[in-house]
Amino acid sequence: MTRVWNGVRGGLAVGLVIGLSACSTGGGLPSLGYANSTASIDTDAVDGIDSAPKGTWERVPKGAFDHRDYAGTQLDVERARKLINSYRAKKGLKPLRLNSKLTLAAKAHSRDLAKWDRISHHGSDGSNPWKRVGRTGYPARLTAENVGTGQITIEEVFKGWQESPGHNKNLLLADAEEMGIALVHDPKTEFKTFWTLVLGSKI
C-alpha cells in the first residue's frame, strides 16, 4: 500500500509568505461545494477533546483575515475538477473523476478544521488522511490530501498548492484516479475558509 500526504508545516510556511495558509464543520453556516453525498462519518473523537498530536497543527493570529472579503466565497466542484484536470493534462497525466466517498472524507476534515479553527492533516480525533478515507469505505491503495485555509477562491487555493512542492506533487500524482473536494466557510473563525482536497485510487 502507498500512503501519501503532505506535512502541515511545509504548506503553511508557503502560505504565510503570501498571507494565506495552504497545506489541506462546524460553525453554524452551511458547508459549500460537496458532491452528492449526505452521509456522515463516525469518528473516534470525544466531543470537546482534542486528540490531534501536539505540533501537528497551526492557528492564525486573531484578526489576520478580517480585511478580506469572503462574501462571494463558494466552491463549484466541477470547476475545481476541471482546473485540476487541466493542470494534470498539461503534464501528460490522466484526469481525475469525482468520487463521493473521497468527497465525504474531504467534507469531514474541513468541518473538523473549522470546528477547531486551525490547519492540519491530523483530525481532532487523532486521525490522518489514510484513516479518514478508510472510514468512508473507500478501498484505497493510494490516498493524498491537500488542505488550505484563508483563501477566497478555488483559484487562490489552487495557486498556493501549485507553489508548494509537496502539495504540487499531490496534484500531479500519476497513480491518482479519483478526487473529492470540500469547502467550509465560517466567518466566525479566524481562518474563515477551510478547503480540503483528497485524491485516491482503489485497490
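Read on for a plain summary of the structure. Per chain, residues are indexed from 1 in the order of the written sequence. Local features in this predicted model are restricted to residues of pLDDT 70 or higher, and side-chain atom pairs are both shown and tallied only at a pLDDT of 80 or more, whereas totals for entire chains, interfaces and linings draw on every residue. Values reported for side chains reflect all heavy atoms of the structure, with hydrogen atoms and water molecules removed beforehand.

### Describing the overall build of the protein chain
The numbering of helices and of strands both runs from the N terminus, where a helix is a DSSP run of H or I of at least 4 residues and a strand a run of E of at least 2. Helices and strands together make up the secondary structure of the protein chain, namely six helices and eight strands. Reading the protein chain from its N end, one meets helices and strands in the order β-α-β-β-α-β-α-β-α-β-α-α-β-β. Here's how the labels work: a residue is buried when its accessible area is under 20% of the maximum for its type, exposed when over 50%, partly exposed in between, all with a 1.4 Å probe on protein chains only. Looking at the protein chain as a whole, 52% of its 203 residues are labelled buried. Here the accessible surface of atoms and residues is derived via Shrake-Rupley with a 1.4 Å probe, and residues count as covered only by protein chains that are part of the display. If you sum the accessible surface of the protein chain, you get close to 9100 Å²; carbon and sulfur atoms cover 52% of it.

### A short note on the packing of aromatic side chains
Pairs were defined over the aromatic rings of Phe, Tyr and Trp, the Trp ring being its six-membered one, requiring ring centres within 6.5 Å. Orientation was assigned from the angle between planes: stacked under 30 degrees, edge-to-face over 60, tilted for the rest. Summed over the entire model, instances satisfying the criterion amount to three aromatic pairs. Aromatic pair Tyr-87 and Phe-158: ring centres 5.5 Å apart, planes at 90°, arrangement edge-to-face. Of this pair, Tyr-87 sits in helix H2 (residues 77-90) while Phe-158 sits in helix H5 (residues 154-163); the two residues are 71 residues apart in sequence, bridging distant segments of the chain. No difference in accessibility class separates Tyr-87 from Phe-158, as the two residues are buried. Their ring planes at 80° and their centres at 6.1 Å tell us that Phe-191 and Phe-194 sit as a pair that is edge-to-face.

### Here's the deal with the nonpolar core
Core analysis: the biggest nonpolar cluster contains 21 residues, and Leu-75, Ile-84, Ile-154, Leu-171, Ile-181 and Leu-197 have the highest contact counts within it. Mapped by element, the contributors of at least two residues to this core are H2, strand S6 (140-149), H5, strand S7 (178-185) and strand S8 (193-202). Throughout, a residue-residue contact means that at least one pair of heavy atoms, one from each residue, lies within 4.5 Å. Ignoring sequence-local partners within four residues, the contact set of Ile-84 consists of Leu-96, Phe-158, Leu-171, Met-179 and Leu-197. Put simply, buried Ala, Val, Leu, Ile, Met, Phe, Trp, Tyr and Cys residues joined by side-chain atoms within 4.5 Å make one nonpolar core. Residues Phe-65, Leu-113, Val-184 and Phe-194 belong to the second largest nonpolar core, which totals eleven residues.

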